[in-house]
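The chain contents come next:
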Amino acid sequence: MPSDEWHWLLTLAELEHVGAAADRLGVSQPTLSRTLARLEDRLGVRLFDRHGKRLSLNDFGRVYYEHARRAQAELDAARRALAELSDPARGVVRLSFLHSFGARLVPELIAAFRRGQGRVDFTLSQDAAEAVTARVLDGDADLGIVSPRPAAAGLGWRTLLRQRLALAVPADHRLAGRRQVRLAEAADADFVTMPAGFGMRRILDDLAAAADFRPRVGLESSDLVTVAGLVAAGLGVAVLPLEEGPVRGPRPGPALIPLADPGATRAVGLIWSAGAPAADAVRRFRDFAAEWAQR
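Below is a short write-up of the structure.

Rules used in this analysis
Residues numbered from 1 in each chain as written. Predicted model: local features only at pLDDT ≥ 70, side-chain atom pairs only at ≥ 80, totals over all residues. Heavy atoms only, no water. Helix = DSSP H or I, 4+ residues; strand = E, 2+ residues; numbered from the N terminus. Buried < 20%, exposed > 50% of the residue type's maximum accessible area, 1.4 Å probe, protein only. Contact = heavy atoms within 4.5 Å. Phe/Tyr/Trp six-rings, centres within 6.5 Å; stacked < 30°, edge-to-face > 60°. Lys NZ or Arg CZ within 6 Å of the ring centre and 35° of its normal. Polar contact = N/O pair within 3.5 Å; in protein donor to acceptor, adjacent residues only side chain to side chain. Core = buried A, V, L, I, M, F, W, Y, C linked by side-chain atoms within 4.5 Å. Salt bridge = Lys/Arg side-chain N within 4 Å of Asp/Glu carboxyl O. Axes fitted to C-alpha atoms, helices over the stretch in contact; angles between N-to-C directions. Parallel < 35°, antiparallel > 145°, perpendicular 65-115°, else oblique. Left-handed = near helix turned anticlockwise from the far one by under 90°. Nonpolar A, V, L, I, M, F, W, Y, C, P; charged D, E, K, R; others polar.

## A look at the environment of Leu 124
Thinking step 1. Along the polypeptide, Leu 124 turns up in strand E4 (residues 121-126).
Thinking step 2. Residue classification places Leu 124 among the partly exposed positions, given a relative accessible area of 46%.
Thinking step 3. When the C-alpha positions of Leu 124 and Leu 36 are compared, they lie 30 Å apart, and in sequence the two are 88 residues distant.
Thinking step 4. Non-local contacts of Leu 124, meaning those with residues more than four positions away in its chain, are made with Leu 95, Phe 97 and Ile 110.

Given below as C-alpha cells:
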C-alpha cells in the first residue's frame, strides 16, 4: 500500500467524513472513495460503516487503523532518520505539551535552543496531560512537557521547574487578604477546575484528598486563563500555579493566596518513551532542556 494511501486512510478514520477528508487531503471525493473501495476489496472486509458521506470505523476498521497508524509512524520515523543522516544539523522534534505552557515556557525553551543549535524544526501539539502522555507512549510525539509527573510505566522524566500553587479567589472573597491559606479552608466553596485528564485537575484532587475533602466542582475549563477569569468573575475558587499571575485582559485577575498545604507545588517536566530510540535532534533538545532547567 503506497504511503500516501496510509495517510488517506488515517485521515478518513479521524474525520469520519469523505468530504472533510478530501478537502484536507486536497483530492477529489470520488478519488478518495475509489481508493478506500480498492483497499477494502484487497482486504476482503469493510473497514467503515456508511451513513451517507459520514463514516464510522467498524470492528475490522479499528483493528486495521491501529496497525496503519503504527506503520505510518514508522515510515515518518524513517523519513526523519534519513533527513538527519543527510543534514545532521537540521532534524525534527515533535513536541507535545499542556496548553498552559504555550504562552511562555515552550516559546522560551525553543527560542533558547535555536539560538545555539541551528535549524532544528519543531512540530508542536497541545492537549491534556493524559493525552500528551499517550502521544509520547504511542510514538506520535518525541517529547512531552507535562505536570504532574505521569504514573504510566515506560517513560523517562526530567524536571524542568517547580511552581508553587495558590488558591485563586475573587478579589472580594473572605480569604483574599490572607498571606497564605490551607486548601481545607475553602472546602465549602464551588471550585473552577480543569476536566478529568488534565494535570491541574489531578493536582487539585490529590491536594483535596490529603485535606480530607472532595471538591465541589462548579465549572470546568481546559484553559487556565479561562479558569482564572471565571474565578475573577466570582464564579468559584481554583488552585492555580502562583507563577501564572492574574488573568490577562481588562478585568482584574483573581487574588492568588499561596497554599500552606504540604506538597502544594507542581513539578513541570519533560517526558519521552524510555524504550524508543531517540533521533539526534531529539536527544540534543532533551539534553539542552535539562541544562536550561539548571540555569
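Picking up where we left off.
## Here's the deal with the packing of aromatic side chains
Thinking step 1. Under the counting rule described, the total for this entry stands at 5 aromatic pairs.
Thinking step 2. With a centroid separation of 5.1 Å and an interplanar angle of 75°, the aromatic rings of Phe 122 and Phe 285 are classed as edge-to-face. One end of the pair, Phe 122, is in strand E4; the other, Phe 285, is in helix H9 (residues 280-293), with 163 residues separating them in the sequence.
Thinking step 3. Given the relative accessible area of 16%, Phe 122 is considered buried.
Thinking step 4. Ring geometry for Phe 191 against Phe 213: centres 6.2 Å apart, planes inclined by 35°, an arrangement best described as tilted. Pair noted here: Phe 191 is in strand E7 (residues 190-193) and Phe 213 is in the loop between helix H7 (199-210) and strand E8 (216-220), with a separation of 22 residues, a long-range link. In this pair, the class of Phe 191 matches that of Phe 213, namely buried.
Thinking step 5. Pairwise contacts between aromatic rings join Phe 113, Phe 122, Phe 285 and Phe 288 into one cluster.
Thinking step 6. Geometry around Trp 272 places Arg 286 over its ring, the cationic atom sitting 4.6 Å from the centre.

## What about the environment of Arg 114?
Thinking step 1. Structurally, Arg 114 can be placed in helix H5 (residues 105-117).
Thinking step 2. Residues Arg 114 and Phe 285 lie 171 residues apart in sequence; the distance between their C-alpha atoms is 9.4 Å.
Thinking step 3. For Arg 114, the contacting residues outside a window of four places in its chain are Val 120, Asp 121 and Phe 122.
Thinking step 4. Here Val 120 takes part through its backbone oxygen, which lies 3.1 Å from a polar atom of the side chain of Arg 114.

## A short note on the nonpolar core
Thinking step 1. Formed by 34 residues in total, the largest nonpolar core has its most connected members in Val 93, Leu 95, Phe 101, Leu 109, Leu 143, Ile 145 and Phe 285.
Thinking step 2. Beyond its immediate sequence surroundings of up to four residues, Leu 95 is in contact with Val 106, Ile 110, Thr 123, Leu 124, Ser 125, Leu 143, Gly 144, Ile 145, Leu 270 and Phe 285.
Thinking step 3. Of all hydrophobic cores here, the second largest spans 33 residues; its members include Phe 198, Leu 204, Val 239 and Ala 255.

## Remarks on the pattern of salt bridges
Any two side chains of opposite charge can pair if their charged atoms end up close together.
Thinking step 1. Summed over the entire model, instances satisfying the criterion amount to 16 salt bridges.
Thinking step 2. Between Arg 50 and Glu 40 there is a salt bridge, with the nearest N and O atoms lying 2.8 Å from each other. Of this pair, Arg 50 sits in strand E1 (residues 48-51) while Glu 40 sits in helix H3 (residues 29-43), and the two are 10 residues apart along the sequence.
Thinking step 3. The exposure class assigned to Glu 40 is buried, which follows from its relative accessible area of 2%.
Thinking step 4. The residue Asp 59 makes a salt bridge to Arg 62 at a minimum N-O spacing of 2.4 Å. Of the two residues, Asp 59 and Arg 62 are both situated in helix H4 (residues 59-86); the distance of 3 residues between them amounts to about one turn of the helix.
Thinking step 5. For Asp 59, a relative accessible area of 56% gives the class exposed.
Thinking step 6. Relative accessible area serves as the criterion here: at 43%, Arg 62 is assigned to the partly exposed category.
Thinking step 7. Residues joined by salt bridges that share partners form a network here, namely Glu 40, Arg 46 and Arg 50.

## Quick word on the side chain of Ser 221
Thinking step 1. Secondary-structure assignment places Ser 221 in the loop between E8 and helix H8 (224-232).
Thinking step 2. Among the polar contacts listed, one links the side chain of Ser 221 to the backbone nitrogen of Asp 223, at a separation of 3.2 Å.
Thinking step 3. Each residue touching Ser 221, except ones within four places of it in the same chain, is listed here: Thr 193, Met 194, Pro 195, Thr 226 and Val 227.

## A few points about the packing of H5 against H9
Thinking step 1. At a minimum axis distance of 10 Å, the contact between H5 and H9 shows a crossing angle of 115°. Classed by the angle they form, the pair H5 and H9 counts as roughly perpendicular. In this structure, the crossing between H5 and H9 has a hand that is right-handed. Contacts between H5 and H9 involve Leu 105, Glu 108, Leu 109, Ala 112, Phe 113 and Gln 117 from the first element and Ala 281, Arg 284, Phe 285, Phe 288, Ala 289 and Trp 292 from the second.
Thinking step 2. Its residues placed into classes, the contact of H5 with H9 shows 9 nonpolar, 1 polar and 2 charged.

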